[in-house]
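# Summary of structural features
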Amino acid sequence: MNITYLGHSGFLVETESHLLLFDYYTGTVPPLDTTKTLLVFASHHHPDHMNGSVFSICASHPAVHYILSRDISRALPAHYGIEEPVFVSHNQICTVENCRIHTLRSTDCGVAFLVQCDGKTIYHAGDLNLWLWPGMEKQQSYSMMRRYMEYTAPLREYQIDLAFLTLDNRQGDAAFCNIDYYMRHFSVAAAVPMHYFGSTEIADRFLQDPSSEPYREKIYKMEEGENLTL
């Protein structure tokens, strides 16, 4: 797989015969191989995950399909002339162009995507994150943790080759808990942090933190525009 980090939570993943474009918000999408099928995913309606310009960027591709969370207004793709996007809800399984897509419920809005394609299993969490905040009341924290563990539980069934996981620096050190949970409870071969608000320095701190030691070699920090081959 070849991965390009577009910024924030946006990634382009190239497999043997597919291009998977996740949660485009910002950055430059590189030239798209027109011999491969392009699947465009948007996990929810928040503007840092669903930028309508992605429809224009991908319009000229000869084999493009859009998989959008159902909370995204149907008027948005229609405005760009997209006639038949696939709208998905959480806990749904569907197949698009030989890719099996399993959606998980988010702890915020929309869905997370688990995509099996060309022999690879790729997970994009969207906003399925352990949203713990400084000063959060204990009962709120417990409620969030219960929902988070419930919503991520389906991942136990999978061997995940690549996971895009939230590391949001607005949460301070509580941000570490999200990736730590994924890496300790699920089978993840490689993980790329995402959803930075500001500096990516929090990823360096996380990789230096003792909690990440058991799986540190599986974490790949990327900067906007950077490429990674796995």
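Our structure's up above, just so we're on the same page.
What counts and how
- Residues numbered from 1 in each chain as written.
- Predicted model: local features only at pLDDT ≥ 70, side-chain atom pairs only at ≥ 80, totals over all residues.
- Heavy atoms only, no water.
- Helix = DSSP H or I, 4+ residues; strand = E, 2+ residues; numbered from the N terminus.
- Polar contact = N/O pair within 3.5 Å; in protein donor to acceptor, adjacent residues only side chain to side chain.
- Contact = heavy atoms within 4.5 Å.
- Pairing = 2+ DSSP bridges.
- Axes fitted to C-alpha atoms, helices over the stretch in contact; angles between N-to-C directions.
- Core = buried A, V, L, I, M, F, W, Y, C linked by side-chain atoms within 4.5 Å.
- Buried < 20%, exposed > 50% of the residue type's maximum accessible area, 1.4 Å probe, protein only.
- Expected span 1.5 Å × (residues − 1).
- Arc of directions from axis to C-beta.
- Parallel < 35°, antiparallel > 145°, perpendicular 65-115°, else oblique.
- Left-handed = near helix turned anticlockwise from the far one by under 90°.

## Let's talk about the side chain of histidine 61
- Checked against the element boundaries, histidine 61 lands in the loop between helix H1 (53-57) and strand E5 (64-69).
- Here the side chain of histidine 61 touches alanine 63 through a polar contact of 3.1 Å, landing on its backbone nitrogen.
- Ignoring anything within four residues of it in the chain, the contact list for histidine 61 reads Leu19, Leu32, Asp33, Thr34, Lys36, Thr37 and Leu38.

## With respect to the sheet that holds strand E8 (residues 99-105)
- Taken together, six strands build an open sheet; the order of strands is E7-E8-E9-E10-E12-E14 and the sheet is mixed. Each end of this open sheet is capped by a strand with a single partner; those strands are strand E7 (93-96) and strand E14 (191-194). Within this sheet the neighbouring strands show an average axis-to-axis angle of 20°, counted without direction.
- The pairing of strand E12 (residues 162-166) with E14 spans four bridges and is parallel. Bridging across to E14, phenylalanine 164 finds its partner in valine 192.
- Sitting on the sheet, helix H4 (residues 176-185) is in contact with strand E10 (120-124), E12 and E14, with an inclination near 150° to E12.

## Brief notes about the nonpolar core
- Counting 61 residues, the largest nonpolar core has Tyr123 and Phe164 as the members making the most contacts within it.
- The element best represented in this core is strand E9 (residues 111-117), accounting for six residues.
- Those residues in contact with tyrosine 123, other than ones at most four positions away along the chain, are Leu104, Ala112, Phe113, Leu114, Leu128, Leu155, Ile160, Leu162, Ala163, Phe164, Leu165 and Tyr182.
- If you look at the next biggest cluster of nonpolar residues, it comprises 19 residues, including Leu32, Val40, Cys58 and Phe87.

## Section: the environment of aspartate 108
- If you trace the backbone, aspartate 108 turns up in the loop between E8 and E9.
- In the structure, aspartate 108 is positioned 21 residues away from asparagine 129 in sequence and 7.8 Å away in space, judged by C-alpha atoms.
- Residues within four places of aspartate 108 in sequence aside, it is in contact with His46, Asp127 and Trp131.

## What to know about helix H3 (residues 138-152)
- Taking 1.5 Å of rise per residue, 15 residues should cover 21 Å, and H3 covers 21 Å from first to last C-alpha, within 8% of that figure.
- When H3 is considered as a whole, its buried residues turn out to be Ser141, Met144, Tyr148, Tyr151 and Thr152. Taken end-on, H3 shows its buried residues confined to a sector of 105°, consistent with a single buried face. Residues of H3 that are exposed and angled more than 90 degrees away from the buried face: Lys138 and Glu150.
- For H3, the secondary structure elements touched by its buried residues are E8 and H4.

## Regarding the packing of H4 against helix H5 (residues 201-208)
- Contact pair H4 / H5: the axes reach a minimum separation of 11 Å and the direction vectors enclose 50°. Compared by their axis directions, H4 and H5 come out oblique. The chirality of how H4 crosses H5 is right-handed. Where H4 approaches H5, its residues Phe176, Ile179 and Asp180 are matched on the opposing element by Ile202, Arg205 and Phe206.

None of the figures reported here should be taken as evidence of function without further support.
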